[in-house]
Amino acid sequence: MKLMTGMLVTRYSHQHDIVFRIKNIVENTVILHGEDLRLEADAPIEDVRVLPEDDIRERQEEMKDKEEYSYRMFRQDYQLMKEKKDMKHKRDEPSNIARFQLPVKVLHIDGDRLYLKKCIDLYQRLGLQVHGVYLQENELPLEIDTIIRKIQPEILVVTGHDAYSKSKGGAKKELTAYRNSKYFVETVRKARMWEPNLDQLIIFAGACQSHFESIIRAGANFASSPERINIHALDPPVYVIAKIAYTPFMDKVNVYDVLKNTMTGEKGLGGMETKGLFRTGLPYVETK
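Quick caveat: nothing in here was measured; it's all calculated off a predicted structure. (Residues numbered from 1 in each chain as written. Predicted model: local features only at pLDDT ≥ 70, side-chain atom pairs only at ≥ 80, totals over all residues. Heavy atoms only, no water.)

## With respect to the pattern of salt bridges
For step 1, the next point in the chain: Inspection of every chain in the model, using the stated rule, returns 10 salt bridges.
For step 2, the next point in the chain: Here glutamate 35 ties to arginine 21 by a salt bridge, and the two come within 3.0 Å at their closest N and O atoms. Of the two residues, glutamate 35 sits in the loop between strand E3 (29-34) and strand E4 (40-44) while arginine 21 sits in strand E2 (residues 20-26), which places them 14 residues apart along the sequence. Accessibility classification places glutamate 35 together with arginine 21 in one group, the buried group.
For step 3, the next point in the chain: In the salt-bridge network here, residues are joined through shared partners; they are Arg21, Glu35 and Asp112. (Salt bridge = Lys/Arg side-chain N within 4 Å of Asp/Glu carboxyl O. Helix = DSSP H or I, 4+ residues; strand = E, 2+ residues; numbered from the N terminus. Buried < 20%, exposed > 50% of the residue type's maximum accessible area, 1.4 Å probe, protein only.)

This is the structure in structure tokens:
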């Protein structure tokens, strides 16, 4: 079968452990993007096997189960936070005054169109307003100033594909040994120049195997991947952002509470204590 962009494939040399989507074919090399993981790789054409239809259906079911897991984990947390807020309001405020909420503005920039759509669908299920932008990783530092100026977000997500590559030379501690980490680092650094306060602009950045330390030093609140492991396409970005957006601004988002409900835990995600962004006010005035 002739290989074409968009096909789902696996690699013989890696015992078909990860499903990839063909991003591009350059001469005898196939550029691959993880179908369920935010991982970038390449392989010789002869190393690639087209995924059978039965396997595709099975993988789609697995992906759906993981998406539902992320959604359920957040809903559980949200219910606890809502009950806590309701109890406080009943104790401290008159019951006959209606309250209103200020929505959090999320900007999600992604190097993969399909992942971006899946993330936006899940954000919307969680009741979050999000502005999605597709940009290839190497374009991120060039466009971030213009996009932030236009959107003025409170939460910025910058993700896509990445990987540690021995062929690039250098040890795992060297930023140059990664496919796209340098673009995430530079993008975070430029975004942080717009708002130095870590609680006024909250940044999540990185992808599979990304250089966690450099991204955090550049100014991110949360980043992947401390132990250079693969992370799921939707987890942890959507869960982390929902947790921040629905935590009251007087409360801190405990890093451990975030990590324990992600699929990869502290191996795939790290960060620092950050204030929540959920704000309520009163009285609610109905628009005439």
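## Some words on the packing of aromatic side chains
For step 1, the next point in the chain: Counted by the stated rule, this structure contains 2 aromatic pairs.
For step 2, the next point in the chain: Plain terms: the ring middles of tyrosine 164 and tyrosine 178 are 5.5 Å apart, the flat faces sit at 55 degrees to each other, and that makes the pair tilted. In this pair, tyrosine 164 is assigned in the loop between strand E9 (155-159) and helix H4 (181-194) and tyrosine 178 in the loop between E9 and H4, connecting sequence segments 14 residues apart. Comparing tyrosine 164 with tyrosine 178, the two get one shared label, buried.
For step 3, the next point in the chain: Between tyrosine 246 and phenylalanine 278, the ring centres sit 6.0 Å apart and the planes meet at 40 degrees, which makes this aromatic pair tilted. Taken as a pair, tyrosine 246 in the loop between helix H6 (237-245) and strand E12 (252-253) and phenylalanine 278 in the loop between strand E14 (274-275) and strand E15 (279-281) lie far apart in primary sequence, 32 residues in all. This pair shows no difference in class: tyrosine 246 is buried, exactly as phenylalanine 278 is.
For step 4, the next point in the chain: The ring of tyrosine 115 has arginine 21 sitting right over it, with the charged end atom 5.9 Å from the ring centre. (Phe/Tyr/Trp six-rings, centres within 6.5 Å; stacked < 30°, edge-to-face > 60°. Lys NZ or Arg CZ within 6 Å of the ring centre and 35° of its normal.)

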